[in-house]
Amino acid sequence: MAEAGMNRRALLGTAAAVTAAAAAGPLASGKASAQGAPPQANAQLPGAFRYKVGSFEVTSLFDGYGTRPMNDQFVVNAPLDQVQAALKDAFRPTDSLRITYTPAVVHTGSQVVLLDAGSGGKLGPTTGMMSRNMAAAGIEPASITTLVISHFHGDHISGIKGTDNGLAFPNAEILVPEAEWAYWMDEGEMSRAPAGRKPAFELVRSTFGDLGDRVRRYKSDEEIIPGFTAVQAHGHTPGHTALQISSGNDTVMALADTTNVPFLFVRNPDWSAVFDMDADMARATRRRLLDRIAADRALAFGYHWGLPNAGHVRREGSGYEFVPLNYVQTL
């Protein structure tokens, strides 16, 4: 009996040792099993960020990015070494800049509103990710009831149509700023434009020319749909327009391209990016809207602010600082 008990204890001890060794796996001997590991994905996860404004649900969607070299032609009124110092302070590379694109969808309960149409994948291999991210967010293109365009630059309107020239959002009414339409559809403005700007005129015509009454033009200070008021933000382009979106006591300002990347142009609002068509007006607009947001402690988001691209703006020295919202699971 004693011998049987000892054998049973020995067997149990051996089994425990085998179980522990199996759990530890090859690391028990100090060796990793690379051949057993799955391959790295080498791709970002689906990109979307969702939050509430009153009863409205806002979903920011990553559409990719463009890369440009960092030289003295990007910030046109500041020395390159100061710009590179700002990039370094923001933990960004100093020799190039990735500019992200983030359209947004606002679900009001009765309407599904898309703010800007994205690139449609037509601006290079690192663009055109919005459709994948819309699917991941559970948003069908056919569910979009209204598409609101802030201005007519290619990264905002190229996604209106697919590569087959069909409408990417087939059930959406398309709202555009009246002042923007007046400039880009003017034959005289097109004839006087520098050569580098003529492709933008051609893109506007090929995008909107056959859409007829599907397009509705809106004015500044107009409530274009319930809860969405157009805010004059000219300068970046002649009719560039922001939106104040309100639900209950909550408000968010959709700044579109009032600033480019926040770590340069929110921190340094008097700097001018090469994209600003009227630099003086764009700087005045930027100051006016950032002052308003900071004073009201209101939410804001920008088209080129990455993810999360929504948060608050506070005054910081002679400029401002963008403080993004926390990521949360429940809304």
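Residues numbered from 1 in each chain as written. Predicted model: local features only at pLDDT ≥ 70, side-chain atom pairs only at ≥ 80, totals over all residues. Heavy atoms only, no water.

## Things to note about the overall build of the protein chain
When you go through the protein chain residue by residue, the secondary structure sums to nine helices and 16 strands. For the protein chain, restricting intrachain contacts to residue pairs at least 6 apart in sequence, the fraction spanning at least 24 positions comes to 67%. Total accessible area computed for the protein chain in this model is approximately 16,700 Å², and 53% of it derives from carbon and sulfur atoms. (Helix = DSSP H or I, 4+ residues; strand = E, 2+ residues; numbered from the N terminus. Contact = heavy atoms within 4.5 Å. Areas by Shrake-Rupley, 256 points an atom, 1.4 Å probe, with all protein chains shown as cover.)

## Quick word on the sheet that holds strand β15 (residues 310-316)
A sheet is described by the order of its strands in space; here seven strands give the open sequence β10-β11-β12-β13-β14-β15-β16, paired in mixed fashion. If you trace the sheet from one side to the other, it starts and ends with β10 (223-225) and β16 (319-324), each paired once. Adjacent strand axes in the sheet meet at a mean angle of 35 degrees, parallel and antiparallel pairs treated alike. In the sheet, β15 pairs with β16 via six bridges, with the strands oriented antiparallel. Counted as the bridge partner of V313 is F322 from β16. Its contacts with the sheet put helix α9 (residues 279-296) on β11 (228-232), β12 (241-247), β13 (250-254), β14 (299-301), β15 and β16, and the angle it makes with β15 is roughly 100 degrees. (Pairing = 2+ DSSP bridges. Axes fitted to C-alpha atoms, helices over the stretch in contact; angles between N-to-C directions.)

## Some remarks on the side chain of H304
When you line up the elements, H304 lands in the loop between β14 and β15. Of the polar contacts made by the side chain of H304, one reaches the backbone oxygen of T100; its length is 2.8 Å. Within the structure, H304 has its side chain in polar contact with the side chain of D155 (distance 3.5 Å). Look past the residues within four positions of H304 in its chain and what remains in contact with it is I99, T100, Y101, T102, D155, H156, D257, N260, V261 and P262. (Polar contact = N/O pair within 3.5 Å; in protein donor to acceptor, adjacent residues only side chain to side chain.)

## As for helix α2 (residues 80-89)
Residues of α2 that are buried include every one of V83, A86 and L87, and no others. Looking down the long axis of α2, one finds its buried residues gathered within 100 degrees of arc, a one-sided arrangement. Among the exposed residues of α2, those pointing more than 90 degrees away from its buried face are D81, K88 and D89. On the buried face of α2, the contacting elements are β4 (96-100) and α8 (262-265). With its phi angle positive at about 60 degrees, F91 sits one or two positions after the end of α2. (Buried < 20%, exposed > 50% of the residue type's maximum accessible area, 1.4 Å probe, protein only. Arc of directions from axis to C-beta.)

## So, the packing of aromatic side chains
Ring pairs (aromatic) are described by centroid distance and by the angle formed between their planes. The final tally for this structure, using the stated rule, is twelve aromatic pairs. Here F74 and F275 contribute two aromatic rings whose centre-to-centre distance is 5.8 Å and whose plane-to-plane angle is 75 degrees, an arrangement assigned as edge-to-face. Taken as a pair, F74 in the loop between β3 (65-69) and α2 and F275 in the loop between α8 and α9 lie far apart in primary sequence, 201 residues in all. Under the relative-accessibility criterion, F74 is labelled buried at 0%. Linked through ring pairs, F49, Y51 and Y327 together constitute an aromatic cluster. (Phe/Tyr/Trp six-rings, centres within 6.5 Å; stacked < 30°, edge-to-face > 60°.)

## Focus: the environment of I224
With respect to the helices and strands, I224 occurs in strand β10. Contacts of I224, omitting those with residues within four sequence positions, involve V148, L175, R216, Y218, A230 and L243.

## As for the environment of A298
Structurally, A298 can be placed in the loop between α9 and β14. For the pair A298 and G311, spaced 13 residues apart in sequence, the C-alpha separation works out to 8.4 Å. Not counting residues up to four positions away in its chain, the partners in contact with A298 are I293, G311 and H312.

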